[in-house]
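Observations on the three-dimensional arrangement
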Amino acid sequence: MFLSQKLHSFTGKKISLLGLGNIGSKLALKLVECGADVHVYSRDYFKSHLITQALNLIKPIGTIATITCHREPLPASFASDVLIGATNGHPIITDEIITSVNKNCLVIDLGKNNITKSAVLLAKNNNLEICRTDVTNALESFVGEIVSLNHTLEDDYGEKIVDGHLIVGGGYFGQQGAIIVDSITMPTRIFGVADGLGSLKRELTEADQTSVKSIAKSLAIEI
């Protein structure tokens, strides 16, 4: 999310990822799916090569961008638009690597302590932006998502009988003929009639229309 705000578009961007462990490999897949050309390096070339092959197989078939594995960090970083250090506290980003990237390259310390002290000074002298990851925004979003999901499960999700008719809400898989509403506790909208296959009926029978009108009247919902 941070990179999407900074770059606006991933297409045509070279993103160098130094470190291909648990976090790095997942990030590589996300970035290539967004359209970035991802270049990776890890100290264990054999392992990182296998991971790269797997990620290129997993990515959507329509994704033109690829993940490229390198034996050395310098070729992986050369002329990159974004440089990400994702090692476990190993200072992988050196002066040589800082010198090799694009002049407007964004440098990110993902695992912390990925950049040598001299490389930090050199990056500053070259007017390169350096940032480190901060979980604050992600944590707030995560907590908000939990609260929202809890609200959905407690108030919106499920099924019940109203005026002799079955209603479902909150994403509950409705059986054929069930009336789909926005919330089973405080419904304000009727979305349609379930087809029993996880979607809405395209054409309603007279019985379906009668059920919808009956539910709307019972719940005081305009249709």
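Note: the structure precedes this text.
Summary of the structure given here. (Residues numbered from 1 in each chain as written. Predicted model: local features only at pLDDT ≥ 70, side-chain atom pairs only at ≥ 80, totals over all residues. Heavy atoms only, no water.)

Let's shift gears to helix α2 (residues 22–33). Taking 1.5 Å per residue as the helical rise, α2 with its 12 residues ought to reach 16 Å, and the 17 Å between its terminal C-alpha atoms agrees with that figure. Within α2, burial applies to G24, S25, A28, L29, L31 and V32. What you see down the axis of α2 is that its buried residues fit within an arc of 165°, all on one side. Exposed side of α2, more than 90 degrees from the buried face: N22, I23, K26 and K30 are the residues found there. Contact partners of the buried residues in α2: α1 (2–7), β1 (14–18), β2 (37–41), α3 (45–58), β3 (67–70) and β4 (82–85). (Helix = DSSP H or I, 4+ residues; strand = E, 2+ residues; numbered from the N terminus. Expected span 1.5 Å × (residues − 1). Buried < 20%, exposed > 50% of the residue type's maximum accessible area, 1.4 Å probe, protein only. Arc of directions from axis to C-beta. Contact = heavy atoms within 4.5 Å.)

Quick look at the sheet that holds β4 now. Taken in spatial order, the six strands line up as β3-β2-β1-β4-β5-β6 in an open sheet, and their pairing is parallel. Every other strand in the sheet has two partners, leaving β3 and β6 (129–132) as the edge strands with one partner each. The average angle at which neighbouring strand axes cross in this sheet is 20°, direction not considered. Sheet analysis places β2 next to β3, joined by four bridges and oriented parallel. Residue pairing in the sheet places V40 in a bridge with C69 of β3. (Pairing = 2+ DSSP bridges. Axes fitted to C-alpha atoms, helices over the stretch in contact; angles between N-to-C directions.)

Let us look at the environment of A86. Structurally, the position occupied by A86 is in the loop between β4 and α5 (95–100). Using a relative accessible area of 17% as the deciding quantity, one classes A86 as buried. Note: C-alpha distance between A86 and G177 (91 residues apart in sequence) is 52 Å. Those residues in contact with A86 that lie beyond four places of it in its chain are L17, L18, G19, G24, L110, G111 and N114.

The subject of this paragraph is the pattern of salt bridges. Considering all chains together, one arrives at two salt bridges under this definition. With a closest N to O distance of 3.0 Å, K6 and E129 form a salt bridge. Of this pair, K6 sits in helix α1 while E129 sits in strand β6, placing them 123 residues apart in sequence. Taking relative accessible area as the criterion, K6 reaches 37% and is therefore assigned partly exposed. (Salt bridge = Lys/Arg side-chain N within 4 Å of Asp/Glu carboxyl O.)

Turning our eyes to something else, we now look at the sheet that holds strand β9 (residues 179–181). Read from one edge of the open sheet, four strands run β7-β8-β9-β10, paired in mixed fashion. Edge positions in the sheet fall to β7 (158–162) and β10 (190–193), since each of these pairs with one other strand and no more. The sheet shows a mean angle of 30° between the axes of neighbouring strands, direction not considered. Those strands touched by helix α8 (residues 206–219) are β7, β8 (165–169), β9 and β10, and its axis lies near 155° from that of β10.

Geometry only, nothing functional implied.
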